[in-house]
Amino acid sequence: MDFLNALVSLSNFMLIPALAYGSQLALGALGITLVYSILRFAHFAHGDTMALGTAAVIGGTFALQSAGVNIAPLPTALLAVPFGVVAMVLYLLAADRLVYRYYRRVRAKPMIFVMASLGVMFVTNGITRLFMGVGETRFEDGERFVFSVREFRDFTGLAEGLALRNAQFITIVTALIVMVALFWFLNRTRAGKSMRAYSDNEDLALLSGINPERVVTITWVITAILLVLAGTLYGLDKGFRAFNYFQLLLPMFAAAILGGLGNPLGAIVGAYVVAFAEMGVTFAWRRVVSYMLPDGIEPSGMVQLLPVDYKFAVTFAILVIVLLFRPTGIFKGKVL
Amino acid sequence: MSARGPLLFALMGLALACVGLFQSWQLAITILNMSLISAIMALGVNMQWGYAGLFNVGVMGFTAVGGLAVVLVAQPPVPEAWAAGGAGALLGLLLGVATILAAIVVYQRLPKGRMRGLAVFAVLAVGYFITSAVFGPATQAIEAVNPASEGYLGGLGLPVVLAWPVGALFAAGVAWMVGKVSLGLRSDYLAIATLGISEIVIAVLKFEGWMSRGVNNVTGIDRPVARPVDLQTAPWVQSLADSLGWDVQQTASVVSGLGYAGLFALVLGALIWLSERAWNSPWGRMMRAIRDNEVSARAMGKDVKQRHLAIFVLGSAVCGLAGAMMVSMDGQLTPGSYEPLRFTFLIWVMVIVGGSGNNWGAVLGGFVIWFLWVQVEPAGRWFMELVTSGMADGSDLKDHLLASASYMRLLTMGVALLLMLRFAPRGLIPER
């Protein structure tokens, strides 16, 4: 029983939240890795574009809510996602046409692209704050739990409870569907194959008649879908605050680099490693440990390796270790 | 420098004078002082980007570390806190460093294989538990000492100006660690690593209360220039106020601000002189050669990674110096106020707009962009009022738009950066 209780407590406070967080990071890191492998620069505007996309979804959600539309028990925001995706596709394509395309044409150094994406980030950040301000907005509606702590306890008769929040459940399921769809697209469709070819060898792809502008456009469209979904799921799970999305940049980059920049499978694995490491190191293991120890022995403190405030330090430590020992990432990067 | 540079600087001076005449001299002096500090930060970033093409996205972290130095050097020590846990905290820090060093030694001495990994892990785990057993209680004891006004170890109580070079040293130390790890790899890795370290520096400042009082802020730090309140009673200030026809309070704050401006200008002047000398020396030529063609520079026998590390540390040290100066001007360290948009990306806009690779350009960029940053906010509000003038009073949209006028400047800065990068990538005063 004690072992089960420990497992349930661990799942409730760490495994499920980490799985959901990891899925959100994975969708974000996939976008970063795609942009990196096709356009060949680190997309610093990613976090803020995610925030803007989520803002668009929130706007759509509020409009739908006031029109009385809902899809309970699911959150209305899911219905507004297509609106956010369209908005972000237009936004990213506009950014590409107005900003990045010129540098592509003059074959600027990668650093110039990064700088330009910094400018785009600034602008995006300003627009998001113009709409949403800096405070927190919650837009989760519909059913809150798939099953709650009490239901779980009554059902199993264990002392520890386990809750699965709707947002977490939706996140994990959506992420799974999106990942499968993405790999199907990259491996089975003509457009996906042309993307992989372009990423693998630009000149050879050009020679075989692949239109680079088309590849770039498709990349931005996919990136927009990924980042709106990632942002919306993150917002449903934890509430929307523009600055939090900016701060997601570090874990997303860490995930992409850990997996090998430009490698989609790596980005997913990296994202889960980062999420579990962040949660595991900053998790208070006290309850789990006290179940596992023999009766009568209690751990004295919280059994927490680092305070929660240092979760970025964990991400950073992972990044440093990767850069020191295997700069190409777990899976060798730079192939799509 | 051609005639263009002095002309632009003269225009900048004129703009500041206009602020003095039409708004207030206090505001003009405040802008001037912050511009001088921004210019120093921009000089630091320009060393990294303009001389060497290194992309540092962690300026905020380096300025914050510099700010911490002011607290650690200039604040009076808190004897009760030292008695309560000073020894424990220091011992804990030493143990932490010893753990990492031991892990490195183990890693280097043992043969490659699974045993090595396990040994390193064991060293780290044991070290962690010993360190936290010493460190945790000590810091808690320190934070319990008079938490409303102290709750930290305090500093060394030395003169505050001494903290400026110390701030530069602190920033250099952090930069050395980051650079050691991420230089010599793909060029965007440095950007991401610096982004990470700056977040961590801020987290440490916010949550290590025993060192920096965290979000409770350290206020009332000793100032290098007499405070306006003290100046008000000085007879010469009073007579100056009479002859100018201003009230004493305003005169005192202008005089105090000018004192800072003099000090900052001295530092800025020295830095420009040094960087110009460096730029025109064989060392400067070597740096540009590395920047423009790394491969051929390496073929000529230059150790590119070491040179990059050196300039990265140097530029970060300048940022740290500026951070220390800023804290000693404000007289307080407020970890909550460090925002990457303000302290990292704004500095980048300064360098790009001013002219990367030109020290004078970076300085001018610091002045121009800080001026705009301060002045765009009223302009944004005016613009929003114009836009909303047709709307009904009290409508939600109008209130919302008026309330968010202050975010206009982020937008403006982003657009300025993009436009400069696209149409005048060499900046206001281009590299020679």
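Residues numbered from 1 in each chain as written. Chains lettered and ligands numbered in written order. Predicted model: local features only at pLDDT ≥ 70, side-chain atom pairs only at ≥ 80, totals over all residues. Heavy atoms only, no water.

### With respect to the packing of helix 12 (residues 282–292) of chain B against helix 14 (residues 304–330) of chain B
Residue and element names in this part refer to chain B. Put simply, the rule reads: Note on geometry: axes are C-alpha line fits, over the in-contact stretch for helices, and angles between N-to-C directions span 0 to 180 degrees. We count a stretch as a helix when DSSP gives it H or I for four or more residues in a row; a strand needs E for two or more, and each element gets its number in order from the N terminus. Roughly parallel covers angles under 35 degrees, roughly antiparallel covers those over 145, roughly perpendicular covers 65 to 115, and oblique covers all other angles. Helix crossings get a hand from a simple test, with the near helix turned counterclockwise from the far one by less than a right angle marking a left-handed crossing and a clockwise turn marking a right-handed one. Two residues qualify as a contact provided that any one of their heavy atoms is within 4.5 Å of a heavy atom in the partner residue. Following the grouping adopted for this structure description, the nonpolar residues are Ala, Val, Leu, Ile, Met, Phe, Trp, Tyr, Cys and Pro, the charged ones are Asp, Glu, Lys and Arg, and the polar ones are all others, Gly among them.
Close contact between helix 12 and helix 14 brings their axes to 11 Å; oriented N to C, the two are set at 115°. When the axis of helix 12 is compared with that of helix 14, the two are roughly perpendicular. Handedness of the helix 12/helix 14 crossing: left-handed. From helix 12, Trp283, Met286, Met287 and Ile290 reach across to helix 14, where they touch Val304, Arg307, His308 and Ile311. Here the contact of helix 12 with helix 14 is built from residues that sort into six nonpolar, one polar and one charged.

### Observations concerning the pattern of salt bridges
Which entries qualify depends on this criterion: Any carboxyl oxygen of Asp or Glu that lies within 4 Å of a side-chain nitrogen of Lys or Arg is treated as forming a salt bridge with it. Categorising residues by exposure relies on relative accessible area from a 1.4 Å probe, with only protein chains included: less than 20% of the type maximum marks a residue as buried, more than 50% marks it as exposed, and the intermediate range marks it as partly exposed.
Counted by the stated rule, this structure contains 11 salt bridges over all chains. As a salt-bridge pair, Asp292 of chain B and Arg291 of chain B come within 3.1 Å of each other at their nearest N and O atoms. The exposure class assigned to Arg291 of chain B is buried, which follows from its relative accessible area of 16%. By sharing partners, the salt bridges in this structure join Asp96, Arg97, Arg104 and Glu213 of chain A into a single network.

### Considering helix 4 (residues 79–109) of chain B
Residue and element names in this part refer to chain B. To keep it simple, the criterion reads: The span one expects for a helix is its residue count, reduced by one, times 1.5 Å. By definition, a residue's bend is the angle between the axes fitted to the seven residues ending there and the seven starting there.
Compared with an ideal rise of 1.5 Å per residue, which puts 31 residues at 45 Å, helix 4 spans 43 Å between its outermost C-alpha atoms and is within 8% of the ideal. Along helix 4, the largest kink reaches about 60° and is centred on Gly85. Turning to helix 4, its buried residues are Ala81, Gly85, Gly86, Gly88, Ala89, Gly92, Thr99, Ala103 and Val106. Each element contacted by the buried residues of helix 4 is listed here: helix 5 (114–144) and helix 8 (209–212).

### Things to note about the domain arrangement of chain B
Residue and element names in this part refer to chain B. We apply this condition: As annotated, the domain borders come from an automatic or database domain assignment. Values labelled buried area give the accessible surface lost by two parts on being combined, using a 1.4 Å probe and summing over both.
Considered domain by domain, chain B is made up of domain 1 (4–77 + 154–423) and domain 2 (78–153). Placing the centre of domain 1 and that of domain 2 at their C-alpha centroids yields a distance of 33 Å. Taken over both partners, the interface formed by domain 1 and domain 2 buries close to 960 Å², and the fraction arising from carbon and sulfur atoms is 57%. Scanning the region where domain 1 abuts domain 2 turns up zero salt bridges. Considering each element in turn, the side of domain 1 that touches domain 2 owes the most residues, three residues, to helix 8. When grouped by side-chain class, the residues that make up the side of domain 1 that touches domain 2 number six nonpolar, four polar and two charged.

### Structural notes on the interface of chain B and chain A
How we decide: Throughout this description, a polar contact denotes any pair of N or O atoms lying within 3.5 Å of each other; where both atoms belong to protein, one of them has to be capable of donating a hydrogen while the other can accept it, and for residues adjacent in sequence the pair is counted only when both atoms sit in side chains.
The partner chain A presents 49 residues to the 48 residues of chain B that form the contact. Where chain B abuts chain A, roughly 4400 Å² becomes buried across the two surfaces, and 78% of that area is made up of carbon and sulfur atoms. Looking only at chain B, the three residues that lose the most surface to chain A are Tyr189, Ile192 and Tyr407 of chain B, adding up to 14% of its buried area. Run the count over chain B and chain A and you get zero salt bridges. Run the count over chain B and chain A and you get five residue pairs in polar contact (both at pLDDT 80 or more). Every element with two or more residues in the side of chain B that touches chain A is listed here: helix 5, helix 6 (163–182), helix 7 (187–207), helix 15 (340–354) and helix 18 (408–423) of chain B. Residue contributions to the side of chain B that touches chain A peak at 14 residues, all from helix 7 of chain B. Looking at the side of chain B that touches chain A residue by residue, the classes come out as 35 nonpolar, six polar and seven charged.

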